[in-house]
Amino acid sequence: MYNGQELGATYKKEYTSFRVWSPTAQRLKVVIYKEYFDCSGIEYEMNHCEDGIWELKLAGDYKNKYYNYKVTMDGKENETIDPYAKGASLNGNRGLIVDFASIDPSGWESHEAPAPLKPTEAIIYEMHIRDFSVDVNSGMVHRGKYLAFTEAGTKTQEGLSTGIDHLKELDITHVHLLPIFDFSSVDERLDKGYNWGYDPYLYFVPEGSYATNPYDGTARIVELKKMIMKLHENNLRVIMDVVFNHTADIENSPFHILAPGYYYRRYPDGTYSNGSGCGNEIATEKSMVRRFIVDCVKFWATEYRIDGFRFDLMALIDTETMAEVQTQLRAINPAILIYGEPWTGGNSALDYHEQFKKGNQRGMGIALFNDSFRNAIKGDNDGTGLGFATGATDLVHEIKKGIVGSISYSDSICGFTETPCETINYVSSHDNLTLYDKIKGSCPNASEHEIERMNRFAMAIIMTSQGIPFIHGGSEILRSKQGNSNSYNAGDEINKVHWSSKAKHIETFNYIQGLIAIRKAFKGFMLDKPEDVRNSLRFIDSPANTVAYLLNSRLKDGAEYLFIIHNSNRHDIEMCLPLPGEWHLLANGCNASPLGLLGSEACQNSQIAVTPLSTYVLIKI
Ligand code: CA
């Protein structure tokens with residue numbers, strides 16, 4: 001274990017120091033290339049130090065020069081990029097020596113990130129860099145690139161806002177980006193390449209295919225920072241999806257070339273564990289791997305001012321590493337969001353008790369994707385099973401568990417969290433069918449109007465429940481991937497946001513916007529302590545296949561009581577209002593507004609009819 005100084009290339013005007021861990025190397029050299037296109041470079045011998053470290057301090061100004069390592073093992077020399085490289089040339093062929101201060105976009109240092117939020121105040125919106133803007137009808141110039149997120153005033157041909165203006169209209173708080181660090185599946189020379197990016201190559205480098213010039217290693221850094229700054233300036237926080245559970249492959253990974261056998265998890269017989277389902281699995285429990293992961297997230301949180309991290313297949317990361325990640329990130333930014341998938345993609349050699357699964361997160365400040373609530377709302381992921389939002393019966397109890405943030409609410413309503421801050425409430429994400437496609441597949445006889453209604457109902461349950469709501473970007477405009485349930489390499493036509501859907505489904509867009517506004521207007525929806533949930537939320541007896549509850553939201557906002565009813569029946573139900581007084585409707589199955597629905601009379605007669613497959617929110621004046 002090496003606890004010493006920074007690894008990688010550290011730039012100073014007078015010198016650059018290189019430090020790399022390669023415990024079984026016989027010889028190590030740094031190769032410096034003046035330009036990314038140079039065929040050959042100048043080689044410098046590195047010094048072998050303690051703990052498997054090789055070092056070299058090279059006098060002179062090496063800003064924006066490229067470098068690699070040549071490592072000799074078993075008498076054979078191999079060239080590799082530095083796994084700690086902070087920049088890279090085309091397709092990650094060579095590392096870049098970066099002087100960040102000299103290339104920062106104007107205003108970067110002084111720009112203010114949005115104010116800190118409690119986890120339950122977050123509203124996460126998941127998006128892929130390319131999907132967001134590649135549609136011609138996005139009206140954007142830099143389609144498919146980081147810079148598309150910097151374009152204001154963009155509109156569809158129907159005259160509706162797209163891009164960052166669309167996000168501001170919705171008023172989400174966090175943009176969660178599918179992998180933005182360098183992945184290997186897309187040839188950065190081509191403009192047509194498509195992949196979600198769950199095949200990481202260089203963990204400290206932004207992906208090159210999203211830059212306007214993938215050859216010059218500085219472009220991707222500058223453009224990503226411009227994007228983050230623009231999002232921050234518009235009160236939007238940025239979350240990156242990190243894939244520390246596996247690498248694109250083993251043979252070409254700098255990990256393997258510099259320390260064969262070390263970085264990958266194996267069974268006692270030497271075979272590679274494949275809990276990722278992608279052919280390999282990173283051994284996060286090993287000290288230098290743990291250090292790599294912690295160094296990496298700290299780097300992104302400081303250099304790029306990233307506001308949150310989503311861990312792919314987080315159960316493959318040992319609990320000690322996640323605890324260290326949490327401690328170190330929290331020291332940089334106490335409000336940073338940390339969450340991930342509490343499952344693996346197959347059997348793992350990691351001890352079951354070490355896997356970061358549901359329950360292990362209790363009290364750690366890390367949230368988990370809540371698959372139980374997801375399945376209760378929509379049914380199974382890709383099959384035809386129904387959920388509460390599509391009219392299944394017998395799911396009331398599971399829905400109640402989700403509504404309370406999956407805390408221990410009562411003897412019978414008892415979930416996996418200690419606080420509502422530990423659940424990511426969602427119905428769909430980039431994986432599996434989109435919500436629209438899932439509903440369409442499960443309800444083949446439903447009309448388009450009915451599908452749209454169920455889409456709104458599913459999202460209304462998420463937006464009114466305790467916990468952290470998460471929206472698969474585009475769900476608010478009925479995003480479809482034409483029934484493709486695993487579109488990771490299916491190209492733009494399937495994956496892109498079709499911006500013409502916004503005009504087609506503007507009522508649903510307005511509805512989701514209204515739900516977000518309602519959630520933000522009442523603190524009672526964002527409780528972060530389990531005792532507050534137990535004290536403020538009371539379930540009310542209601543007809544079969546419905547859930548009704550009273551939310552006492554006196555906490556800070558002046559409103560006294562909210563009454564929420566979810567009707568999963570295919571017929572109207574009548575509900576008695578739970579307290580005497582004047583009640584106003586804030587949301588029904590079609591409209592939602594924190595100011596109350598225009599034209600809706602105050603509910604004076606102590607009864608309200610709730611339409612099929614819809615959520616009603618009422619407030620007592
Ligand atoms: Ca790449």
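Fair warning: this is a prediction, and the values are worked out from it, not measured in the lab. (Residues numbered from 1 in each chain as written. Predicted model: local features only at pLDDT ≥ 70, side-chain atom pairs only at ≥ 80, totals over all residues. Heavy atoms only, no water.)

Caption draft 1: Fine view of the domain arrangement of the protein. Along its sequence, the protein is carved into domain 1 (8-103) and domain 2 (536-620). Once you take the C-alpha centre of each, domain 1 and domain 2 turn out to be 63 Å apart. (Domains from an automatic or database assignment.)

Caption draft 2: Up close: the layout of surface pockets. Taken as a whole, the largest pocket encloses approximately 460 Å³ of empty space. Considering the residues around the largest pocket, the lining is formed by 25 residues, among which D312, L313, E341, H430 and D431 are closest to the centre. Here the lining of the largest pocket is composed, by residue class, of 8 nonpolar, 11 polar and 6 charged. The calculated volume of the second largest pocket comes to roughly 310 Å³. The wall of the second largest pocket is formed by 17 residues, among which Y84, R291, V294, D295 and K298 lie closest to the centre. Looking at the lining of the second largest pocket, the elements that each hand over two or more residues are α6 (287-303) and α7 (319-332). It is α6 that provides the largest number of residues to the lining of the second largest pocket, a total of 7 residues. Partitioned by chemical class, the residues of the lining of the second largest pocket number 7 nonpolar, 3 polar and 7 charged. (1 Å grid on protein atoms, 1.4 Å probe; cavity = no way out; pocket = protein on both sides within 12 Å on 5 of 7 lines; lining within 4 Å. Points joined across faces, edges and corners; volume = space filled by probe spheres on them. Nonpolar A, V, L, I, M, F, W, Y, C, P; charged D, E, K, R; others polar. Helix = DSSP H or I, 4+ residues; strand = E, 2+ residues; numbered from the N terminus.)

Caption draft 3: Local environment of the packing of aromatic side chains. The tally for this structure, following the rule as stated, stands at 40 aromatic pairs. Consider the rings of Y203 and F244, whose centres lie 5.2 Å apart with planes at 15 degrees: the pair is stacked. Separated by 41 residues along the polypeptide, Y203 in strand β13 (residues 200-206) and F244 in the loop between β14 (237-242) and α5 (254-258) bring together distant segments of the chain. Here Y203 falls in the buried class, since its relative accessible area comes to 1%. A centroid spacing of 5.3 Å and a plane angle of 80 degrees characterise the contact between Y262 and Y263, whose relative ring orientation is edge-to-face. Here Y262 matches Y263 in class, with each residue buried. One cation-aromatic arrangement involves R94 over Y33; the distance from NZ or CZ to the ring centre is 3.6 Å. The ring centre of Y511 lies 5.8 Å from the NZ or CZ of R456, which sits over that ring. (Phe/Tyr/Trp six-rings, centres within 6.5 Å; stacked < 30°, edge-to-face > 60°. Buried < 20%, exposed > 50% of the residue type's maximum accessible area, 1.4 Å probe, protein only. Lys NZ or Arg CZ within 6 Å of the ring centre and 35° of its normal.)

Caption draft 4: Region of interest: empty space enclosed by the protein. What the rule picks out here adds up to 5 cavities of 30 Å³ or more. By volume, the largest cavity is sized at about 60 Å³. Every residue lining the largest cavity is listed: L7, R19, V20, W21, D82, P83, Y84, P254, F255, L258 and Y263. Of all elements in the fold, only β2 (15-21) and α5 reach the threshold of two or more residues within the lining of the largest cavity. Broken down by class, the residue content of the lining of the largest cavity amounts to 9 nonpolar, no polar and 2 charged. Taken as a whole, the second largest cavity encloses approximately 60 Å³ of empty space.

Caption draft 5: Structural view of the sheet that holds strand β21 (residues 546-552). Ordered in space as β20-β21-β22-β26-β24, the 5 strands form an open sheet in which the pairing is antiparallel. With one partner strand each, in any of the chains shown, β20 (537-540) and β24 (583-587) form the two edges of the open sheet. If you compare each strand with its neighbour and ignore which way they point, the axes differ by 25 degrees on average. Both β20 and β21 contribute to a ladder of 4 bridges, which runs antiparallel. Within β21, the residue paired with L537 across the bridge is L551. (Pairing = 2+ DSSP bridges. Axes fitted to C-alpha atoms, helices over the stretch in contact; angles between N-to-C directions.)

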